[in-house]
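# Structural characterization, general
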Amino acid sequence: MLFQLLDVLISEHGLFLILGVMLLYLGAESLVKGAAGLALGVGLHAALVGVTVVAFATTAPELFVGVVAGIEGEASMGLGTILGSNIANIGLVLGVSALIRPLSVSRDMTHRHLPFMALAAALLIGFGLDGVIRRPEGAVFLVVLAAFTYVLYRGTADEAAAVGEDGTVADGGAVVEDVPEVAPDAGLGATLRQIAYVAVGLALLLFGSRWLITHSKSMLFQIGFSRRLVGLTVIAFGTSLPEFAASVVAAVRGQADFSVGNVVGSNIYNVLAVLGVLAILVPVFVSPGVVSFDLPALAVFTGAAAVVMIRGGDEIGRLDGLTLVGGYLVFFYLLLP
């Protein structure tokens, strides 16, 4: 099976899949640069931009993949992508980051962000047990997302952690970087540039999503992977690459807070924003395999993340990271047909 997968990865479908992942990354970067610039340009508070527009950047690939999959009648693949991405974020992204360097965990992370990540996972599991996630349940996800964004913004503003001298925005223990500095009177030229960034970003995300879905289906169906497995593995990992790259680089640079905040924030937005929008558009059917294996796996990994964050006091150690990575490898092995 492994050799079959490697053969297919170096085929034409594999090359287009890699190109699709690259387009998703570039599209998210362009979108957040333009959207954040526009928001700051019209006078929105930088902290609000940091916890909304910038946070959306790492979720944009999953959102576009999920929406495109739903429109094309592949909502189950979109659900698999969300589940697989959240599990990969904890097992791979958080685990590898902790292996590189022990990660500090702030009080805000355990008291403000972690409960929302657990709540998002619990809602997903609870709503999925009856076999379908419907529009009212999607609306619940979006309401909880709005509550999370409000809590995050209020905490950022109240703690006077808006914008530092280095141009970063403190995000309740995580650091959201690269918020463009755009003056409210930047002028028409600057505004048009930001609009162009947004348009290019949306186009790249759309094309990247379509290529990723089309070619991953063609590639993995050749070796017997189901739609569920395609979403849980290759597409999920592809959409998690921005989080993986950002968190690993942050760990290498000693910005451990960002690595933890990136994973927790992404897992919250993946469920509440991506699945919320997807369920509003189309019913998301949950197969028996998802109910019996994928949802329990999400519960286990979410619980493991909570344990290593709380048990370690204020640090996720290398042994914790090794445990998370090992758990993900076991999860992946059990998925193989």
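About the criteria used
- Residues numbered from 1 in each chain as written.
- Predicted model: local features only at pLDDT ≥ 70, side-chain atom pairs only at ≥ 80, totals over all residues.
- Heavy atoms only, no water.
- Phe/Tyr/Trp six-rings, centres within 6.5 Å; stacked < 30°, edge-to-face > 60°.
- Helix = DSSP H or I, 4+ residues; strand = E, 2+ residues; numbered from the N terminus.
- Buried < 20%, exposed > 50% of the residue type's maximum accessible area, 1.4 Å probe, protein only.
- Salt bridge = Lys/Arg side-chain N within 4 Å of Asp/Glu carboxyl O.
- Expected span 1.5 Å × (residues − 1).
- Bend = angle between axes of the 7 residues up to and from the residue.
- pLDDT = per-residue confidence, 0-100.
- Contact = heavy atoms within 4.5 Å.
- Axes fitted to C-alpha atoms, helices over the stretch in contact; angles between N-to-C directions.
- Parallel < 35°, antiparallel > 145°, perpendicular 65-115°, else oblique.
- Left-handed = near helix turned anticlockwise from the far one by under 90°.
- Nonpolar A, V, L, I, M, F, W, Y, C, P; charged D, E, K, R; others polar.
- Core = buried A, V, L, I, M, F, W, Y, C linked by side-chain atoms within 4.5 Å.
- 1 Å grid on protein atoms, 1.4 Å probe; cavity = no way out; pocket = protein on both sides within 12 Å on 5 of 7 lines; lining within 4 Å.
- Points joined across faces, edges and corners; volume = space filled by probe spheres on them.

As recorded in an unreviewed UniProt entry, the protein chain goes by Cation:H+ antiporter and comes from Halobaculum gomorrense.

## Description of the packing of aromatic side chains
Under the counting rule described, the total for this entry stands at six aromatic pairs. Centroid distance F148 to Y269: 5.9 Å. Interplanar angle 75 degrees. Geometry classified as edge-to-face. Here Y269 lies in helix α9 (residues 256-281) and F148 lies in helix α6 (residues 135-158), a separation of 121 residues in the sequence. Overall, the relative accessible area of 7% leaves Y269 in the buried class. Feature note: the residues F293, F301, Y328 and F331 constitute an aromatic cluster, connected by ring pairs.

## Focus: the pattern of salt bridges
Considering all chains together, one arrives at one salt bridge under this definition. As a salt-bridge pair, D130 and R134 come within 3.2 Å of each other at their nearest N and O atoms. Since its relative accessible area comes to 40%, R134 is described here as partly exposed.

## Notes on helix α5 (residues 107-128)
Its 22 residues place the ends of α5 31 Å apart at the C-alpha level, agreeing with the 32 Å of an ideal helix rising 1.5 Å per residue. At H113, α5 shows its strongest bend, of approximately 40 degrees, with the proline P115 following within four residues.

## Points about the confidence of the model for the protein chain
With 72% of its residues at a pLDDT of 70 or more, the protein chain has an overall mean of 77. The spread of mean pLDDT over the elements of the protein chain runs between strand β4 (residues 174-176), the lowest at 41, and strand β2 (residues 132-133), the highest at 94. In this model, residues 160-185 is a region of pLDDT below 50 whose contacts with residues beyond four sequence positions or in other chains number 64 contacts.

## Regarding helix α4 (residues 75-100)
Over its 26 residues, α4 runs 36 Å from end to end, which matches the ideal 38 Å to within 8%, given 1.5 Å per residue. At N89, α4 shows its strongest bend, of approximately 35 degrees.

## Focus on the packing of α4 against helix α10 (residues 288-311)
The geometry of α4 relative to α10 is characterised by a closest axis approach of 10 Å and an angle of 30 degrees between their N-to-C directions. As summarised for this structure, α4 and α10 are arranged roughly parallel, according to the angle between their axes. Handedness of the crossing formed by α4 with α10: left-handed. Here L79, L83, N86, I87, I90, G91 and L94 of α4 lie close against α10, whose contacting residues are V290, D294, L295, A297, L298, F301, T302, A305 and M309. Here the contact of α4 with α10 is built from residues that sort into 12 nonpolar, three polar and one charged.

## Here we look at the nonpolar core
Counting 59 residues, the largest nonpolar core has L124, I133, F141, L275, M309 and I316 as the members making the most contacts within it. Of all elements in the fold, only α3 (46-71), α4, α5, α6, α8 (227-252), α9, α10 and α11 (318-335) reach the threshold of two or more residues within this core. Of the residues forming this core, the biggest block, 12 residues, is contributed by α9. Ignoring anything within four residues of it in the chain, the contact list for F141 reads A120, L123, L124, F127, I133, V271, L272, L275 and G276. F64, V65, L205 and L212 belong to the second-largest nonpolar core, a separate cluster that totals 14 residues.

## Section: empty space enclosed by the protein
In this structure the tally under the stated criterion is one cavity of 30 Å³ or more. Estimates place the volume of the largest cavity at around 40 Å³. N86, M117, A120, A121, N267, V271, L298 and T302 are the residues that line the largest cavity. Those elements that place two or more of their residues in the lining of the largest cavity are α5, α9 and α10. Looking at the lining of the largest cavity element by element, the count peaks at three residues for α5. Of the residues belonging to the lining of the largest cavity, the class tally is five nonpolar, three polar and no charged.

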